[in-house]
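An overview of the molecular structure
Single-letter residue listing:
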Amino acid sequence: TNDQGTGVTPMAVEPVPAAAENFSAELLRLYYDRIFPAQLMCRWLGYFTQHSSDPKTQLLHRREFSFTTGDDVYIRYLSYEDASALKK
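Here's what I pulled together on the structure shown here. If you're wondering where the values come from, they're calculated on a predicted model, not measured in any experiment.

Let us look at the pairing of strand S2 (residues 74-78). Both strand S1 (residues 65-68) and S2 contribute to a ladder of three bridges, which runs antiparallel. Following the sheet pairing, Thr68 is matched in S2 by Tyr74. Taking the residues between adjacent antiparallel strands as the criterion, S1 and S2 are bridged by five residues, where Asp72 takes a positive phi near 65 degrees.

Under the definition given, this model contains two salt bridges. Between Asp33 and Arg29 there is a salt bridge whose closest N-O contact spans 3.8 Å. Residue Asp33 and its partner Arg29 are both found in helix H2 (residues 25-35); the two are separated by four residues, about one turn of the helix. On the basis of relative accessible area, Asp33 is assigned to the partly exposed category, the value being 40%. Residue classification places Arg29 among the exposed positions, given a relative accessible area of 52%.

The next point concerns the nonpolar core. The tendency in soluble globular proteins is for nonpolar side chains to be buried as a group. Ala38, Cys42, Leu45, Leu60, Phe65, Tyr80, Ala83 and Leu86 together form the largest nonpolar core, which totals eight residues. Every element with two or more residues in this core is listed here: helix H3 (38-45) and helix H4 (83-87). Here the element with the most residues in this core is H3; it accounts for three residues.

The final tally for this structure, using the stated rule, is four aromatic pairs. Consider the rings of Tyr31 and Tyr32, whose centres lie 4.9 Å apart with planes at 75 degrees: the pair is edge-to-face. By relative accessible area, Tyr32 is classed as partly exposed at 39%. Summarising the aromatic geometry, the rings of Tyr32 and Phe36 are spaced 5.1 Å apart at their centres and angled 50 degrees between planes, so their arrangement reads as tilted.

Cut-offs applied
Residues numbered from 1 in each chain as written. Predicted model: local features only at pLDDT ≥ 70, side-chain atom pairs only at ≥ 80, totals over all residues. Heavy atoms only, no water. Pairing = 2+ DSSP bridges. Helix = DSSP H or I, 4+ residues; strand = E, 2+ residues; numbered from the N terminus. Salt bridge = Lys/Arg side-chain N within 4 Å of Asp/Glu carboxyl O. Buried < 20%, exposed > 50% of the residue type's maximum accessible area, 1.4 Å probe, protein only. Core = buried A, V, L, I, M, F, W, Y, C linked by side-chain atoms within 4.5 Å. Phe/Tyr/Trp six-rings, centres within 6.5 Å; stacked < 30°, edge-to-face > 60°.

In structure tokens, the structure reads:
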């Protein structure tokens, strides 16, 4: 054993494959089309004001969203009226 006087035997660690090797654009699209809870996220981020009769009190469209694309392009200043707009 090579415990270097610590009394602990080092474990063999298998290398983890790079994330890019496991990435699937098709599965990502499937997730956001069918599984991602857009309606729930919009309710939460809008403080549950989406059914307010006064548009001034609806808060989701006042939120700023930003995204980083696969090419490391940063997109800012996006806002959405509702869950269907967010999903597009």
